[in-house]
Amino acid sequence: MIRSTIGAPRFTRVTATTQGANDSVPGCTRPSHSDHFGTIALATATRSTAFNTKPDGYMLRVTDLVLPLDHPELALRDAVLKRLGAHVDELRSLHVFRRGYDARKKSSIHWVYTVDVALRDEPAALARRLPKVALTPDMVYRFVARAPTDLTSRPVVIGFGPCGLFAALILAQSGFRPIIIERGKMVRERTKDTFALWRQHRLNPESNVQFGEGGAGTFSDGKLWTQVGDPKHYGRKVLEEFVKADAPPEILYVSKPHIGTFRLVKMIEQMRAEIVALGGEFLFEQRVDGLDIVNGQLRKVQLSSGDWISTRHAILAIGHSARDTFQVLHDAGVFMEAKPFSVGFRIEHPQSLIDRARFGKFAGHAELGAADYKLVHHASNGRSVYSFCMCPGGTVIAATSEEGRVVTNGMSQYSRNERNANAGIVVGITPQDYPGGPLAGIAFQRELEARAFQLGGGDYCAPGQLVGDFIRQRPSNNFGSVLPSYKPGVRLGDLAPALPGFAIEAMREALPAFDRQIHGFAMDDALLTGVETRTSSPLRIRRGADFQSVSTRGLYPAGEGAGYAGGIMSAAIDGIRVAEAVAQAIVGVSREHA
């Protein structure tokens with residue numbers, strides 16, 4: 001690793017020549033775990049070999065296999081054979097593709113499996129048209145373009161959160177040697193700066209929960225599922241790359257995979273190492289402070305050092321908190337528009353309460369782990385209130401990126417074994433609530449965050465209130481049985497001034513309604529901590545069918561900051577899609593005829 005200076009500021013440049021000789025590059029040498037993990041041992045039934053994932057090989061996908069929570073090991077095999085009407089001698093292999101639990105009836109929680117099966121005669125089984133049996137889809141990722149040997153203009157990826165990470169990875173694996181610009185520090189240095197805010201009330205505006213290698217998703221629960229459509233199975237590519245970088249292999253088959261913060265740190269380092277080994281180059285501690293646009297075509301991007309990088313293809317993966325970069329883009333004439341987002345508070349309960357409410361007598365079951373929840377209430381004033389980014393067994397964290405402001409978020413480790421459960425309880429708002437143009441939502445967020453900073457005492461402590469007092473409209477003076485996890489600390493008082501009146505009114509109505517779904521949710525001692533404002537980007541940078549900005553050719557808005565994703569998985573998928581568009585544009589291949 002070397003430090004280089006271009007102009008006055010210092011920044012960190014990482015290339016294949018600066019990366020340490022002992023740095024591991026697992027992505028270049030290690031095969032994917034997906035070819036073998038999840039394969040059920042069939043030694044007692046057959047001597048067949050492991051699961052075959054060759055795209056031209058037959059496999060049958062059997063869905064909705066329901067089994068008790070503590071079923072015997074061979075019960076899944078027997079259920080598959082029963083569904084297929086097959087004898088054990090016909091079974092060549094069995095691979096668990098997905099496993100989730102159904103806890104709608106707390107007295108009878110059970111597993112629901114999706115399984116890929118190889119039989120001696122799969123066409124015969126398909127011909128019987130059995131219910132919930134079909135061909136396994138081909139989920140092998142195939143690159144849409146390869147870099148030409150005479151590559152003259154390297155693509156640039158601005159931002160290295162989940163979207164930028166996978167955009168850069170796909171481009172590197174395709175031979176395009178991307179240049180990645182990240183305003184924050186490398187992940188381990190960034191972690192130290194983040195802890196300085198949590199432990200010492202000291203904020204680094206360029207290195208924090210929002211900015212730095214890995215993006216905001218590094219300090220989160222590490223959820224790896226999404227509800228976005230994924231017909232090309234990009235999500236499988238994301239999971240396989242994570243496992244290749246030492247994520248727990250179980251993320252390939254559990255229905256709601258997560259990783260947790262500390263594991264993400266190591267994984268990001270290893271994925272960066274692969275990108276560098278494939279010719280990518282990183283410029284850390286550098287913002288993009290300007291664009292050179294000629295006749296609607298991007299030509300160069302300007303670094304905060306004052307230097308310019310020539311490129312005709314730049315992926316904009318800056319995340320939802322790069323407010324100064326949004327201003328730069330707006331000043332350069334890049335088209336953007338305000339969009340809805342949500343604001344609210346974090347709520348904390350004992351995790352044991354959530355476990356009992358969701359799992360009943362099965363609370364504490366080792367296979368179930370810590371329970372989560374998802375709640376929605378449509379208030380009488382027309383507002384929707386919902387739970388956001390629920391973190392089982394986690395902590396509430398300080399997530400501001402600007403001085404003089406307080407922002408909260410949630411985080412969990414892989415184990416999810418902290419005492420409290422937390423989630424955002426947020427209220428949807430629209431541009432009609434903050435008129436004034438595409439950047440008006442940012443001004444609205446800043447106003448709420450500055451108010452929370454003052455209510456918390458002006459030292460990055462957060463304002464808080466007990467749920468019972470919040471509902472009864474009285475200030476809180478003492479903590480009850482639920483102690484705050486937020487660092488650097490919580491100062492109790494009245495949260496009503498922290499949000500607009502319509503949001504407070506809707507939340508006071510919603511909390512008792514949520515209690516009817518999860519008994520104890522509105523317990524007096526549950527704790528609210530404010531404010532949660534960074535639920536999603538407050539604007540969208542409009543792009544066309546070719547993924548380029550509608551106003552600026554060569555600029556590819558992507559991920560959460562541009563308004564096209566929400567969470568690690570959807571941002572990563574969008575990064576792959578946009579990287580493919582860039583690769584095809586460089587080699588001159590139309591997406592319609594790829």
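Quick caveat, the model's predicted, so the values are computed rather than measured.

Draft legend 1. Structural view of the pairing of strand E11 (residues 297–303). As judged from the 6 bridges shared by strand E10 (residues 288–294) and E11, these two strands associate in the antiparallel manner. Residue pairing across strands places Ile293 opposite Leu298, the latter belonging to E11. Hairpin geometry of E10 and E11 is characterised by an intervening segment of 2 residues between the two adjacent antiparallel strands and by a positive phi of about 55 degrees at Asn295. Strand direction decides the pairing type here: E11 and strand E12 (residues 308–310), joined by 3 bridges, are antiparallel. Within E12, the position partnered with Val301 by the bridge is Ile309.

Draft legend 2. Quick peek at helix H13 (residues 568–587). The terminal C-alpha atoms of H13, which comprises 20 residues, lie 29 Å apart, in line with the 28 Å expected from a rise of 1.5 Å per residue. The element H13 is largely enclosed, with a buried count of 16 among its 20 residues. One or two positions beyond H13, positive phi appears at Gly588, with a value near 80 degrees.

Draft legend 3. Geometry of the environment of Ser153. Take Ser153: it is sitting in the loop between strand E6 (133–135) and strand E7 (156–158). In contact with Ser153, other than residues within four places in its own chain, are Thr311 and Arg312. Within the structure, the side chain of Ser153 is placed 3.5 Å from the backbone nitrogen of Arg312, a separation counted as a polar contact.

Draft legend 4. Highlighting unusual backbone geometry. Residue Pro488 is reached from Lys487 by a cis peptide bond, and omega for that bond is 20 degrees. Inspection of the secondary structure assignment puts Pro488 in the loop between helix H11 (467–472) and strand E22 (490–492). Of note, the amide linkage connecting Gly530 to Val531 takes the cis form, showing an omega dihedral of 0 degrees. Along the chain, the position of Val531 falls in strand E23 (residues 527–532). Of note, the phi angle at Arg416 is positive, near 50 degrees, even though the residue is not glycine.

Draft legend 5. Structural view of the environment of Leu65. Position of Leu65 among the secondary structure elements: in strand E3 (residues 60–68). With a relative accessible area of 3%, Leu65 lands in the buried category. Separated by 47 residues in sequence, Leu65 and Val112 place their C-alpha atoms 5.4 Å apart. With residues near it in sequence (within four places) discarded, Leu65 still touches Leu76, Ala79, Val80, Arg83, Trp111, Val112, Tyr113 and Val115.

Draft legend 6. Representation of the packing of aromatic side chains in the model. If you walk through the whole model with that rule in mind, you get 15 aromatic pairs. For the pair Phe160 and Phe282, a centre-to-centre distance of 4.9 Å together with 85 degrees between the ring planes defines the contact as edge-to-face. Here Phe282 lies in strand E9 (residues 281–284) and Phe160 lies in the loop between E7 and helix H4 (162–173), a separation of 122 residues in the sequence. Using a relative accessible area of 1% as the deciding quantity, one classes Phe160 as buried. Accessibility expressed as a relative area gives 0% for Phe282, which makes it buried. Of the aromatic side chains, those joined through ring pairs into one cluster are Tyr141, Phe143 and Tyr234. Here the guanidinium or amino end of Arg98 rests over the ring plane of Phe97, the centre of that ring lying 4.6 Å away. One cation-aromatic arrangement involves Arg183 over Phe211; the distance from NZ or CZ to the ring centre is 4.0 Å.

Analysis parameters
Residues numbered from 1 in each chain as written. Predicted model: local features only at pLDDT ≥ 70, side-chain atom pairs only at ≥ 80, totals over all residues. Heavy atoms only, no water. Pairing = 2+ DSSP bridges. Helix = DSSP H or I, 4+ residues; strand = E, 2+ residues; numbered from the N terminus. Expected span 1.5 Å × (residues − 1). Buried < 20%, exposed > 50% of the residue type's maximum accessible area, 1.4 Å probe, protein only. Contact = heavy atoms within 4.5 Å. Polar contact = N/O pair within 3.5 Å; in protein donor to acceptor, adjacent residues only side chain to side chain. Phe/Tyr/Trp six-rings, centres within 6.5 Å; stacked < 30°, edge-to-face > 60°. Lys NZ or Arg CZ within 6 Å of the ring centre and 35° of its normal.

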